[in-house]
Amino acid sequence: TSSKKSKMFSKLLVVASLAASAFAFTAPVATTAATRAAPLKAFESELGVQPPLGFWDPLGLLADADQEKFDRLRYVEIKHGRICMLA
């Protein structure tokens, strides 16, 4: 019975792992298009905005940002990208 329990536990472990990995890819809670699109329209004309995504800010870092914060984050992103390329 010990080997039976071991097999059952390993199967349960595999199923739990598969379920956990499946939940990692579930869609986030949807917000209405009006609340999501309104703050992002401010940066739609910036360099790098491309269809079909447009201005892409998945974490909402610029949801209530002004131009100064946008420029600062862009500068830091470029700097970190250059450091990574050097590494």
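We now turn to the structure provided with this report. Quick caveat, the model's predicted, so the values are computed rather than measured.

Definitions and cut-offs
- Residues numbered from 1 in each chain as written.
- Predicted model: local features only at pLDDT ≥ 70, side-chain atom pairs only at ≥ 80, totals over all residues.
- Heavy atoms only, no water.
- Helix = DSSP H or I, 4+ residues; strand = E, 2+ residues; numbered from the N terminus.
- Buried < 20%, exposed > 50% of the residue type's maximum accessible area, 1.4 Å probe, protein only.
- Areas by Shrake-Rupley, 256 points an atom, 1.4 Å probe, with all protein chains shown as cover.
- Expected span 1.5 Å × (residues − 1).
- 1 Å grid on protein atoms, 1.4 Å probe; cavity = no way out; pocket = protein on both sides within 12 Å on 5 of 7 lines; lining within 4 Å.
- Points joined across faces, edges and corners; volume = space filled by probe spheres on them.
- Nonpolar A, V, L, I, M, F, W, Y, C, P; charged D, E, K, R; others polar.
- Phe/Tyr/Trp six-rings, centres within 6.5 Å; stacked < 30°, edge-to-face > 60°.
- Core = buried A, V, L, I, M, F, W, Y, C linked by side-chain atoms within 4.5 Å.
- Contact = heavy atoms within 4.5 Å.
- Lys, Arg positive; Asp, Glu negative; His and termini not counted.
- Salt bridge = Lys/Arg side-chain N within 4 Å of Asp/Glu carboxyl O.

### Here we look at the overall build of the protein chain
Here comes step 1: Regarding its fold elements, the protein chain presents 3 helices and 0 strands.
Here comes step 2: N-terminal to C-terminal, the α/β element order of the protein chain is α-α-α.
Here comes step 3: Here the protein chain holds 87 residues, and 10% of them are scored as buried.
Here comes step 4: Within the structure as shown, the protein chain displays about 7800 Å² of accessible surface, and the carbon and sulfur contribution to it stands at 67%.

### Re helix α1 (residues 2-23)
Here comes step 1: The end-to-end C-alpha separation of α1 is 31 Å, in line with the 32 Å expected for 22 residues at 1.5 Å each.
Here comes step 2: Burial analysis of α1 places just 0 of its 22 residues in the buried class, a small minority of the element.

### Overview of the layout of surface pockets
Here comes step 1: Space inside the largest pocket adds up to approximately 540 Å³.
Here comes step 2: The residue inventory of the lining of the largest pocket, partitioned by class, reads 10 nonpolar, 2 polar and 4 charged.

### Structural notes on the packing of aromatic side chains
Here comes step 1: Applying the stated criterion across every chain, the model contains 3 aromatic pairs.
Here comes step 2: Here the aromatic rings of Phe 43 and Phe 55 are separated by 5.6 Å at their centres, their planes lie at 40°, and the arrangement is tilted. Remark: Phe 55 occurs in the loop between α2 (33-40) and α3 (67-86) and Phe 43 occurs in the loop between α2 and α3; sequence separation between them is 12 residues. In terms of burial, Phe 43 and Phe 55 fall into one category: buried.

### Quick word on the nonpolar core
Here comes step 1: Of all hydrophobic cores here, the largest spans 5 residues; its members are Phe 43, Phe 55, Leu 62, Ala 65 and Phe 70.
Here comes step 2: Those residues in contact with Phe 43 that lie beyond four places of it in its chain are Val 49, Phe 55, Leu 62, Ala 65, Asp 66, Gln 67 and Phe 70.

### Remarks on the side chain of Asp 57
Here comes step 1: Relative to the helices and strands, Asp 57 is located in the loop between α2 and α3.
Here comes step 2: For the buried Asp 57, no salt bridge is present, and the opposite-charge side chain at shortest range is Lys 69, 8.3 Å distant.

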